[in-house]
Amino acid sequence: SVTSTPSQYTSYAQMTATVNSLVSRYPNLMHRQVIGRSHQGRDIIAVRMSNNARVDQNRPEVLFSHNMHAREHLTTEMALYLMNEFATGYGQDSRITTMMNTREIWIIPSLNPDGKVWDQDSGSFRNWRKNRQPNSGSTAIGTDINRNFAYRWGCCGGSSTNPASDTYRGPSAESAPETRVLTNFVRSRVIGGRQQITAHIDFHTYSELILWPFGYTYNDTAPGLNQDQLNVFATVGRQMAASNGYRPQQSSDLYITDGSISDWMWGDQGIWSYTFEMYPRTASQGGFYPPGSVINRETARNREAVLILLENADCMYRSIGKPQ
Ligand code: 0X9
Ligand code: ZN
């Protein structure tokens, strides 16, 4: 079949158990933190990985975030793949070892646990995208976390004011607890006035794309994104795309969004932030629910792209020959 059943993907409960068992097997390489709770009170966790993970070190940090959209279950598999790869590759693979010795790698395997449970745990998939927060004055449930960020929130027709819409932006920026957990975590990585996180990928499905800011405007450059910076985004984006066969483009080439995570990460925090849209390319290949048999192939497919971003994360301008 071209589609799947819920049991072919890791559930939120299984994800929690898998992360806990990895952390107890690799206590020096993995450190787990609860960074906050979802609307319904589930833990949102972040795992720090490095050669000395229990200690906060002064190194470039790279963040990988996953499963902001409930039904995009392949992205949680991507997080578990990365944890496994960095843990088992340390001391075995020279590129992974170098990155574990010179970076701090943050992995947030599910930004939307309530949505994931709602979509997956009833026996059949529900095609759910948003969080599970009620809306006052409406029976419709949920805010689209990827329209709820506080950078040009609601500015440009790239989100909806209708609580029933799949792209409902919420009553105000950061109104969704899940958005706030992520932004508070990212803000907490400003140490001595300097944001430690230099680069980021937010994993989604589907369409096989690598997207960079801005999403709120069709213009290639904008206030806060100059030509050199655009060239960095495009150069590293194209290098990553050459490794996985995705299409590299500016976010708004797909469609306009406002209040999305990558616009906030770059526009507010100066973090080189990409949005990946994973497998499949088209709806006819299974859309949000491709068969579980593709999980290994489609997560490993991004190994090289992730390493490319990690290796550039100490100085992204080096990619265009202008180290600063
Ligand atoms: O619409 C979204 O939030 C993302 N696509 S998804 O199908 N996973 O929901 C894309 C966001 C990227 N930003 C822009 N296209 N502007
Ligand atoms: Zn998505």
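Numbering of residues starts from 1 in every chain and runs along the sequence as written. Here every chain gets a letter starting at A, and every ligand a number starting at 1, in the order they are written. Given that this is a predicted model, residues contribute local features only at a pLDDT of at least 70 and side-chain atom pairs are listed and counted only at 80 or more, while totals for whole chains, interfaces and linings are drawn from all residues.

Trainee: Explain the overall build of the chain to me, and be specific about the residues and the numbers.
Mentor: If you tally the helices and strands in the chain, you get nine helices and ten strands. Any residue with 12 or fewer other C-beta atoms within 10 Å of its own C-beta is exposed, any with 20 or more is buried, and the rest are partly exposed; the C-beta atoms used are placed from the backbone. Within the chain, the fraction of its 324 residues that count as buried is 52%. Contact between two residues is assigned when their C-beta atoms, built from the backbone, lie within 7 Å. Within the chain, contacts between residues at least 6 apart in sequence are counted, and of these 76% link residues at least 24 apart. Labels follow the DSSP assignment, with helices taken as runs of H or I lasting at least four residues and strands as runs of E lasting at least two, numbered in each case from the N terminus.

Trainee: Got a sec to walk through the pairing of strand β1 (residues 30-37)? Specific residues and values, please.
Mentor: A strand pair is defined by DSSP finding two or more bridges across the two strands. Direction of pairing for β1 relative to strand β2 (residues 43-49): antiparallel, over a ladder of seven bridges. From the neighbouring strand, Gln-33 faces β2, where its bridge partner is Ala-46. Linking two consecutive strands that pair antiparallel, namely β1 and β2, is a turn of five residues; a positive phi of about 95° is found at Gly-41 within it.

Trainee: Go over the nonpolar core with me, naming the residues and quoting the values.
Mentor: Among buried residues, those of type Ala, Val, Leu, Ile, Met, Phe, Trp, Tyr and Cys that are joined through C-beta atoms within 7 Å form a set called a nonpolar core. Formed by 84 residues in total, the largest nonpolar core has its most connected members in Met-49, Met-83, Phe-86, Ile-107 and Leu-309. For this core, the element with the most residues is helix α2 (residues 74-89), which contributes eight residues. Ignoring anything within four residues of it in the chain, the contact list for Ile-107 reads Ala-46, Val-47, Met-49, Phe-64, Ala-79, Leu-82 and Met-83.

Trainee: Could you give me a rundown of the pairing of strand β9 (residues 247-250), with the residues and numbers involved?
Mentor: Inspection of the sheet shows strand β8 (residues 209-212) paired to β9 by four bridges, in the parallel sense. Pairing of Leu-209 across the sheet is with Arg-247, part of β9. For the handedness criterion, the strands are oriented away from the viewer, and a crossover whose path from the first strand over the helix to the second runs clockwise is classed as right-handed. Read from β8 through helix α6 (residues 227-244) to β9, the crossover connection turns out right-handed.

Trainee: Can you lay out the packing of α6 against helix α9 (residues 303-312) for me, pointing to particular residues and giving the numbers?
Mentor: Note on geometry: axes are C-alpha line fits, over the in-contact stretch for helices, and angles between N-to-C directions span 0 to 180 degrees. One can describe the packing of α6 onto α9 by two numbers: an axis separation of 8 Å at closest approach and a directional angle of 155°. What the angle tells us is that α6 and α9 run roughly antiparallel. Both α6 and α9 take part in a crossing whose hand is right-handed. Residues Val-236, Gln-239, Met-240, Ser-243 and Asn-244 of α6 pack against Glu-304, Ala-305, Ile-308, Leu-309 and Asn-312 of α9. All amino acids are sorted into three groups, where Ala, Val, Leu, Ile, Met, Phe, Trp, Tyr, Cys and Pro are nonpolar, Asp, Glu, Lys and Arg are charged, and the leftover types, Gly among them, are polar. The residue inventory of the contact of α6 with α9, partitioned by class, reads five nonpolar, four polar and one charged. Oblique is the label for every angle not falling under 35 degrees (roughly parallel), over 145 degrees (roughly antiparallel), or within 65 to 115 degrees (roughly perpendicular). We call a crossing left-handed when the near helix sits turned anticlockwise from the far one by less than a right angle, and right-handed when that turn is clockwise.

Trainee: Please give an account of the site of ligand 1 that cites residues and values.
Mentor: Nearness rests on one distance test: the residue's C-beta atom, set from the backbone, must lie within 6 Å of the molecule or strand. The immediate surroundings of ligand 1 are formed by 14 residues, with Asn-146, His-204, Gly-215, Ser-251 and Thr-257 found nearest. Here the shell around ligand 1 is composed, by residue class, of three nonpolar, nine polar and two charged.

Trainee: How would you summarise the UniProt feature "domain: Peptidase M14" (unreviewed entry) in the chain if you had to cite specific residues and measurements?
Mentor: UniProt positions are given in the numbering used here, feature names are shortened, and annotations may be inferred rather than shown by experiment. With numbering matched to this structure, UniProt assigns "domain: Peptidase M14" (unreviewed entry) to residues 8-313. The straight-line gap between the two end C-alpha atoms of residues 8-313 is 34 Å; of that span, 33% is helix and 18% is strand.

Trainee: Tell me about the packing of helix α1 (residues 12-25) against α2, and name the residues and values.
Mentor: Two elements in contact, α1 and α2, have axes whose closest approach is 11 Å; the angle formed by their N-to-C orientations is 10°. For the element pair α1 / α2, the angle class is roughly parallel. Every residue of α2 that contacts α1 at Met-15, Thr-18, Val-19 and Leu-22 is listed here: Thr-76, Leu-80, Met-83 and Ala-87.

Trainee: Describe in detail the UniProt feature "active site" (unreviewed entry) in the chain, supporting the description with residues and values.
Mentor: The positions that UniProt labels "active site" (unreviewed entry) are, in the present scheme, Glu-277. Residue Glu-277 is classed as buried on the basis of its C-beta count, with 20 C-beta atoms lying within 10 Å. Contact partners of Glu-277, with chain neighbours within four places excluded, come to His-204, Thr-205, Tyr-206, Ser-207, Glu-208 and Leu-209.

Trainee: Explain α9 residue by residue, including any values.
Mentor: Within α9 the residues assigned to the buried category are Ala-305, Val-306, Ile-308, Leu-309, Leu-310 and Asn-312. Against the buried residues of α9 lie β3 (61-66), α2, α3 (94-102), β7 (197-205) and α6.

Trainee: Could you give an account of helix α7 (residues 261-269), naming the residues involved and the relevant values?
Mentor: Because an α-helix completes one turn every 3.6 residues, residues spaced three or four positions apart along the sequence face the same direction. Counting buried positions along α7 gives seven out of nine residues, so the element sits mostly inside the fold. Every buried residue belonging to α7 is among Ile-261, Ser-262, Asp-263, Trp-264, Met-265, Trp-266 and Gly-267, and all of these are buried. Of the surrounding secondary structure, the elements contacted by the buried residues of α7 are β7, β8 and β10 (272-278).

Trainee: Which residues make up the environment of Ile-271, and what values do they have?
Mentor: For Ile-271, the position within the fold is in the loop between α7 and β10. Separated by 241 residues in the primary sequence, Ile-271 and Met-30 have C-alpha atoms spaced 23 Å apart. Not counting the four nearest positions on each side in its chain, Ile-271 is found in contact with Gln-195, Ile-197, Thr-198, Ala-199, His-200, Met-265 and Trp-266.

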